[in-house]
Amino acid sequence: MPMDNQTTVTEFHILAFAIQAEKKTLLFFVFFFIYMTGVIGNLTIILLVSMVTNLHTPMYIFLGNLSFIDICFTTVVLPKLMDILITGRNSISFRQCLTQTYFTVFFSSTEVVLLSFMAYDRYLAICNPLSYHVLMNNEKCVIISISLWTIGCVNSFILTGFASELPFCKSTTLQQLYCDIKALENISCDNTILNSIITVEAILLVIFPFFLSLISYIKIIISILKMASRDSKRKAFSTCTSHLTVLLIFYGTISCVHMGSPSEQTRQTDQMFSVLYTAVTPMLNPLIYSLRNKEVHKALMSILHVKGTI
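What counts, and where the lines are drawn
What you see as residue numbers is a count from 1 along each chain, following the sequence as written. Reporting of local features is limited, given that this is a predicted model, to residues whose pLDDT is at least 70; pairs of side-chain atoms are given and counted only at 80 or more, and all residues count toward the totals for whole chains, interfaces and linings. Where side-chain values are given, they derive from all heavy atoms of the structure, hydrogens and water being excluded. Numbering of helices and strands runs from the N terminus, with a helix taken as a DSSP run of H or I at least four residues long and a strand as a DSSP run of E at least two residues long. The rule is simple: take the accessible area with a 1.4 Å probe, protein chains only, and divide by the maximum for that residue type; under 20% is buried, over 50% is exposed, in between is partly exposed. The contact criterion used is simple: two residues touch if any of their non-hydrogen atoms lie within 4.5 Å. Computed with the Shrake-Rupley method and a 1.4 Å probe, the accessible areas treat only the protein chains shown as cover for residues. In summary, the pairing rule links any two rings of Phe, Tyr or Trp, Trp by its six-membered ring, whose centres are within 6.5 Å, and it sorts them by plane angle into stacked for under 30 degrees, edge-to-face for over 60 and tilted for everything else. Put simply, buried Ala, Val, Leu, Ile, Met, Phe, Trp, Tyr and Cys residues joined by side-chain atoms within 4.5 Å make one nonpolar core. Helix axes use the C-alpha atoms of the stretch in contact, all axes being lines fitted to C-alpha atoms, and the angles between their N-to-C directions lie in the range 0 to 180 degrees. Handedness of a helix crossing follows the sense of rotation of the near helix relative to the far helix, less than a right angle counterclockwise being left-handed and clockwise being right-handed. Each residue gets one of three labels, nonpolar for Ala, Val, Leu, Ile, Met, Phe, Trp, Tyr, Cys and Pro, charged for Asp, Glu, Lys and Arg, and polar for the others, Gly among them.

Participant: I tried to follow the overall build of the protein chain on my own but got confused; where do I start?
Facilitator: Within the protein chain, the regular secondary structure consists of 11 helices and 3 strands. Counting from the amino terminus, the protein chain carries its helices and strands in the arrangement β-α-α-β-α-α-α-β-α-α-α-α-α-α. Sorting the 310 residues of the protein chain into buried and exposed places 46% on the buried side. When contacts within the protein chain are restricted to residue pairs at least 6 apart in sequence, long-range pairs at least 24 apart make up 78% of them. With an accessible surface of roughly 15900 Å², the protein chain has 68% of that area assigned to carbon and sulfur atoms.

Participant: Would you mind showing me how to read the packing of aromatic side chains here?
Facilitator: The description of an aromatic ring pair rests on the distance of the ring centres and on the angle between the ring planes. Using the criterion set out here, one finds 17 aromatic pairs in the structure. Centroid distance Phe-28 to Phe-29: 5.3 Å. Interplanar angle 80°. Geometry classified as edge-to-face. Since its relative accessible area comes to 51%, Phe-29 is described here as exposed. Relative to Phe-106, the ring of Tyr-102 lies with its centre 5.9 Å away and its plane at 45°, an arrangement referred to as tilted. Placement of both Tyr-102 and Phe-106 in helix H3 (residues 94-127) is noted, with a separation of 4 residues, approximately one turn of the helix. Residue classification places Tyr-102 among the buried positions, given a relative accessible area of 18%.

Participant: What is the right way to look at the nonpolar core in this model?
Facilitator: As a rule of thumb, nonpolar side chains are buried together in soluble globular proteins. One finds Phe-12, Phe-31 and Leu-174 to be the most contacted residues of the largest nonpolar core, which totals 88 residues. Beyond its immediate chain neighbours, meaning those up to four positions away, Phe-31 contacts Phe-17, Leu-78, Leu-81, Met-82, Leu-85, Val-275 and Ala-279.

Participant: Explanation requested: the packing of H3 against helix H5 (residues 138-164) in the structure shown.
Facilitator: When two helices pack together, their arrangement is given by the angle between the helix axes and by the axis-to-axis distance. For the pair H3 and H5, the least separation of the axes is 8 Å and the interaxial angle reads 145°. In the packing of H3 onto H5, the handedness of the crossing is right-handed. For the contact of H3 with H5, the class distribution of residues is 18 nonpolar, 8 polar and no charged.

Pasting the structure below:
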């Protein structure tokens, strides 16, 4: 349907934080600290998984994938946001916006699927320990990793392709911290097709993986409760509490960012959850895994000991 007041959009304006300049400078340093902490922490996990032979297992291969996704996701979002805070230039070209949209959708959808496979991996390890190495070996883990990256790439290509064809007649101001697919949908004057595709995508790549993770952990809890030994229960819980914590934080923040409608949330609340989703959660993931994981501790100590003796 033609739109009389539709115009050709060449750039968008990201409405980040409506605060004073002094506070924006402070926020710049806060985000810089969060970004560097997240990059260093996740890069450390990747190096440990690649260098330490004891960590060449499906669980840690998946963890290395998660760390790489977190580095890429924050790198796509935070440098541009920090540039807006320090310079005040909040414009972004149409092509740059679509590029940022593509990679944010790519990495976030890949992470959703990855987390569900990590839950399934823990289910096999705890509920089927005798056949675990047959059902989930390193070769299958690599195939799964390639598959989930492919799924994220294809999903993002489809969504961004439809987003690039949206007619914009309402505004060029994005009520978000970055170029988000939902923010583009909100300012479009005809988003019926994209809205339908997003709904299907949410069912296939958010809700379905969520229920796969939920079912896995229900079975894990039931299996642990049936264990007679207290030490066995404690050891089983310790192998999955880190991932469960990451899973809860991720789904909690992503649901707050994407599931609510504009009428249900203020812009400030939406931005707060966006900060948790795009910055804080990727920073916390390596801390959660390293603080509660003895194998990661041992791997880090072994690397530091080797470096110290050279």
